[in-house]
Amino acid sequence: MKLTTSRLLISAVLMRVAFFFYGVYQDANAEIRFTDIDYFVFTDASKFTAQGGTPYDRDTYRYTPILAWLLLPTTQYFWFGKLLFALGDIIAGWLMLRIFHLRGLEYDQALKFASVWLLNPMVATISTRGSSEGLLGAMVIALLWAVYEHKTVVAGLLAGYAVHFKIYPIIYIPSILWAMDDSPRLLGNGILKWVNKDRVKFGIASLLSFSFLTGAMYYIYGEPFLVHTYLHHLSRSDHRHNFSPYNILLYISSSPNVEIKSPYPSLAFVPQLFIAGVFLPFMLAKKDLAKTMFVQTFAFVTFNKVCTSQYFMWYIVLLPFYLPSSKMLKNKKLGIVALILWTMAQALWLQQGFELEYKNVSTFFPGIFAATLIFFLVNIWILGVAVEDI
């Protein structure tokens, strides 16, 4: 049967429906829940908001209040958020097809590569477990679509909204600005010739969008909004389910028995932002914006001090744009080796994490420590191959 757009989208929807109902069954009958703990955080925050409180009345809510507002229907229908997140997956996939058309990719090829996202069981699982990454993926792909459609103001508004929703999309702004060469210059000499109409429009729109949303949330919720939504991420010390090499250091620093806290976790964002937000954009963005955004995100997640399976969604949503002309697709042996190493390194960490978290076996050293380093090195190698591709 020939794959078409409608068949692809229907298949993606049916996959998520199946995962959703399986999750309902597992939650009701199994010891280990299918639903992610974050989903209970989201829905509790919405419940507090509906009762006249604030989302931050729920401990560990570290997101913009807009997310709690979007999930207000969960106070009446608990599973609404999962359906919304899954819908985000589908919208992101549909926009991918639009972008592939704009980039001149053949129809059959576009469907094949969009399937990497739409028919990916990992993606469907994460969204139907109750992770909001599907919404964020839709925002990022909508931003990329607006740039390729030359809807500069719309792109700016989406960029500001995405950064407000989740800080990390700020790394895309330098890439987008650097790639905007096809626009009349406003100033003619020296470094000022870099200033053109599209860059000014995009910069102003993104700044206004972010400032308005952030200012409005601060006006309504005050300091708790800034502390929990933004400042918390500079000092967070999550070590559970964390694939990052900083994992052990975060665990030690989080112990109340440690009198002298290490400063390194708080400084981890410095090399991360330099590589993902400065070096890669200025090296690659003029060559291929979509591919650059993929390697930026891959680098950002790889060097992040907190790295969980949900974060893989951040770059998987951009993976279809990297694949069509990649070495890993042309050289199938290389691609298969990369996939096997990435999967096995992740599985090794998960096995050690299971021993620790479910069997109470201390596997921090050498188990988890070695697993984090292996996974990190595998990701660095994949990143190097991807950068050379652009």
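Just so we're clear, the structure is a prediction, and the values are computed from it rather than from any experiment.

Analysis parameters
Residues numbered from 1 in each chain as written. Predicted model: local features only at pLDDT ≥ 70, side-chain atom pairs only at ≥ 80, totals over all residues. Heavy atoms only, no water. Helix = DSSP H or I, 4+ residues; strand = E, 2+ residues; numbered from the N terminus. Rg over C-alpha atoms; globule rule 2.2 N^0.38 Å. Buried < 20%, exposed > 50% of the residue type's maximum accessible area, 1.4 Å probe, protein only. Contact = heavy atoms within 4.5 Å. Areas by Shrake-Rupley, 256 points an atom, 1.4 Å probe, with all protein chains shown as cover. Lys, Arg positive; Asp, Glu negative; His and termini not counted. Charge placed at Lys NZ, Arg CZ, Asp CG, Glu CD. Expected span 1.5 Å × (residues − 1). Axes fitted to C-alpha atoms, helices over the stretch in contact; angles between N-to-C directions. Left-handed = near helix turned anticlockwise from the far one by under 90°. Nonpolar A, V, L, I, M, F, W, Y, C, P; charged D, E, K, R; others polar. Parallel < 35°, antiparallel > 145°, perpendicular 65-115°, else oblique. Salt bridge = Lys/Arg side-chain N within 4 Å of Asp/Glu carboxyl O.

Asks: I tried to follow the overall build of the chain on my own but got confused; where do I start?
Replies: Along the backbone of the chain there are 20 helices and zero strands. The globule rule puts the C-alpha radius of gyration for 390 residues at 21 Å, and the 21 Å found for the chain is close to it. With respect to the three principal axes, the spread of C-alpha positions in the chain is 65 × 55 × 45 Å. Buried residues in the chain amount to 49% of all 390 residues. Pairs at least 24 apart in sequence give 71% of the contacts found in the chain among residues at least 6 apart. As displayed, the chain offers around 18800 Å² of accessible surface, 68% of which is attributable to carbon and sulfur atoms. Positive and negative side-chain charges of the chain, numbering 31 and 23 respectively, have mean locations separated by a distance of 7 Å.

Asks: Even after reading the chapter, I still don't get helix α1 (residues 5-29), so can you show me in this structure?
Replies: Spacing of three or four residues puts side chains on the same side of an α-helix, whose turn is 3.6 residues. Helix length check: α1 (25 residues) gives 36 Å between terminal C-alpha atoms against 36 Å at 1.5 Å per residue, within 8%. Of the residues making up α1, those classed as buried are Leu8, Leu9, Ala12, Met15, Arg16, Phe20, Gly23 and Gln26. Buried positions along α1 lie against α4 (80-102), α5 (107-118) and α6 (121-128).

Asks: How should I be thinking about the packing of helix α8 (residues 152-165) against helix α10 (residues 197-221) in this particular structure?
Replies: Helix packing geometry: the angle between the two helix axes and the distance between the axes. Close contact between α8 and α10 brings their axes to 7 Å; oriented N to C, the two are set at 35°. Handedness of the crossing formed by α8 with α10: right-handed. Facing α8, whose interface residues are Thr152, Val153, Ala155, Gly156, Leu157, Ala159, Gly160, Tyr161, Val163 and His164, α10 presents Asp198, Lys201, Phe202, Ala205, Ser206, Ser209, Phe210, Leu213, Thr214 and Met217. Across the contact of α8 with α10, the residue classes break down as 11 nonpolar, seven polar and two charged.

Asks: Help me understand unusual backbone geometry in this model?
Replies: For residues that are not glycine, phi is negative in most cases, and the peptide bond is trans in most cases. The residue Thr60 is not glycine, and still its phi comes out positive at about 75°. Notably, His150 is not glycine yet its phi reads approximately 60°, a positive angle. Looking at where His150 falls in the secondary structure, it is placed in the loop between α7 (133-148) and α8. A residue is classified by how much of its surface remains accessible, and His150, at 62% relative accessible area, is exposed.

Asks: Looking at this model, I keep getting lost on the packing of helix α14 (residues 269-284) against helix α15 (residues 289-303). Mind explaining?
Replies: Two elements in contact, α14 and α15, have axes whose closest approach is 9 Å; the angle formed by their N-to-C orientations is 160°. Considering their axes alone, α14 and α15 lie roughly antiparallel with respect to each other. Considering the relative orientation of α14 and α15, their crossing is right-handed. For the pair formed by α14 and α15, the contact residues are Gln272, Leu273, Ile275, Ala276, Gly277, Leu280, Pro281 and Leu284 on the first element and Thr292, Val295, Gln296, Ala299, Phe300 and Phe303 on the second.

Asks: Mind showing me how you'd approach the environment of Leu373 here?
Replies: Along the chain, Leu373 turns up in helix α20 (residues 364-389). Residues Leu373 and Asn120, spaced 253 residues apart in sequence, show a C-alpha to C-alpha distance of 26 Å.

Asks: What's the story with the pattern of salt bridges in this structure? I'm lost.
Replies: According to the stated counting rule, one finds 10 salt bridges in the structure shown. Across the salt bridge formed by Asp181 and Arg199, the nearest N and O atoms sit 2.7 Å from each other. With a gap of 18 residues between them, Asp181 in the loop between α9 (172-179) and α10 and Arg199 in helix α10 connect regions that are remote in the sequence. Between Glu388 and Lys327 there is a salt bridge; the shortest N-O distance is 3.0 Å. Of this pair, Glu388 sits in helix α20 while Lys327 sits in helix α18 (residues 327-330), and the two are 61 residues apart along the sequence. The network of salt bridges with common partners includes Asp181, Arg199 and Lys286.

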